[in-house]
Amino acid sequence: MLKKFGKLDNALSCTHCGFCLPVCPTYRAENKEIQSPRGRVSAILALRNGTLTAEEARRSLSYCLVCRACHNACPAGVRVGKLVVMARSYAAVVKPWPVRVFHGITDHDVFSRWASRLVGWYQRSRLRKVVRGGGLGVSHPVVQRLDTLIPDATPPLAMVSVSPSGEGKPLRAALLCGCMARMFYPNVADSVISLLSRLNVSLDILQGFGCCGAPHRESGDREAFLRQAKKVLDGFSPVA
C-alpha cells in the first residue's frame, strides 16, 4: 500500500502546527478540522497507510478548492494542494450535474463561444434586471447568487496572430488562453497581447480547443484531462 501511494510522501512532513488554518477558506467557512489543510493531510496519510480506501478519502478531500493558499503558510513545506490533486487521481471527485453540464460546454470551443454570446445577450437584456429585481418568480437566493457570479461578458478573442510593433527581428510565441479567459476575460489577453507586441514578440493565439483541462486534472478525472490537454497540444502543431 505504501509503495502504491508513494507520491504522497510529502504529507509525512506535516507537523500539524496549525499555521495553515487561518488561510484556508473552507476551514474558515466550516470550522471543521477535516476541512483544514492539516485535516486533509491526515486523510491523505490514512490513504497512504491503507486505513482509508480511495473512495473514503475522496469524500474527505472533495471540498478542497486547491487554491494552494496553505503552501506559503506551511513552515514544513507541505504542498497540500498538490497532494489533494494526486490523491484525487486514485478516486476522482464525483461531479454534480450542473458541473458536468458546464464542462460539457467549456470542453468544446464552439459551444463555449455560443455560451459566451448567450451570456452577453442576457447581461444586456432587460431579463437580467427582472431577475435581479426578483421578478418572474426567480427571487430564490440561489438564482440571485448565480447571477452575481456571472462575470461581465465581452466579445471573445477572434485573432489568430498578432504582428509585433517593435524594430528588429521579432521573437515568436504562442499565447494560450483558457476557456474563461476567452469567454469572459479577453481584456486580460488584450493586455498581454499589447505588452508583448511592444516588446517585439510575434504572437500566435491558439484556438479551437475549449477548456485546457486544468479543472478535470484537479478533480482527478484523468481521462478528461488528457483529452483536453491533447487538444491544447494539437493547437501548438501549426505554430512549431
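Definitions and cut-offs
- Residues numbered from 1 in each chain as written.
- Predicted model: local features only at pLDDT ≥ 70, side-chain atom pairs only at ≥ 80, totals over all residues.
- Heavy atoms only, no water.
- Salt bridge = Lys/Arg side-chain N within 4 Å of Asp/Glu carboxyl O.
- Helix = DSSP H or I, 4+ residues; strand = E, 2+ residues; numbered from the N terminus.
- Buried < 20%, exposed > 50% of the residue type's maximum accessible area, 1.4 Å probe, protein only.
- Contact = heavy atoms within 4.5 Å.

Trainee: How do you make sense of the pattern of salt bridges when you look at a structure like this?
Mentor: Between side chains of opposite charge, a pair can form as their charged atoms come close. All told, the structure shown has seven salt bridges when counted by the stated rule. For Arg 68, the salt bridge is made with Glu 218, and the minimal N-O distance between the two is 3.7 Å. Residue Arg 68 is located in the loop between helix H3 (54–61) and helix H4 (69–73), and its partner Glu 218 is located in helix H12 (residues 214–219); the two are separated by 150 residues in the primary sequence. The exposure class of Arg 68 is partly exposed, given its relative accessible area of 26%. Residue class for Glu 218 comes out partly exposed when judged on its relative accessible area of 25%. Here Asp 221 ties to Lys 95 by a salt bridge, and the two come within 3.4 Å at their closest N and O atoms.

Trainee: Could you clarify how one ought to interpret the environment of Gly 210 in this entry?
Mentor: Inspection of the secondary structure puts Gly 210 in the loop between strand E3 (201–205) and H12. Residue class for Gly 210 comes out buried when judged on its relative accessible area of 0%. Each C-alpha atom, one on Gly 210 and one on Gln 228, is 7.7 Å from the other, the two residues being 18 residues apart in sequence. If sequence neighbours within four positions are ignored, Gly 210 has contacts with Thr 106, Asp 107, His 108, Asp 109, Cys 179, Arg 182 and Gln 228.

Trainee: How should I be thinking about unusual backbone geometry in this particular structure?
Mentor: Glycine aside, negative phi is the norm for most residues, and most peptide bonds take the trans geometry. Its identity is not glycine, yet His 16 carries a phi of approximately 55°, on the positive side. Looking at the secondary structure, you find His 16 in the segment before helix H1 (25–30). Accessibility expressed as a relative area gives 34% for His 16, which makes it partly exposed. At Asn 200, a residue that is not glycine, the phi angle is positive and equals roughly 65°. As for its position among the elements, Asn 200 is in the loop between helix H11 (186–198) and E3. On the basis of relative accessibility, which here comes to 9%, the residue Asn 200 falls in the buried class.

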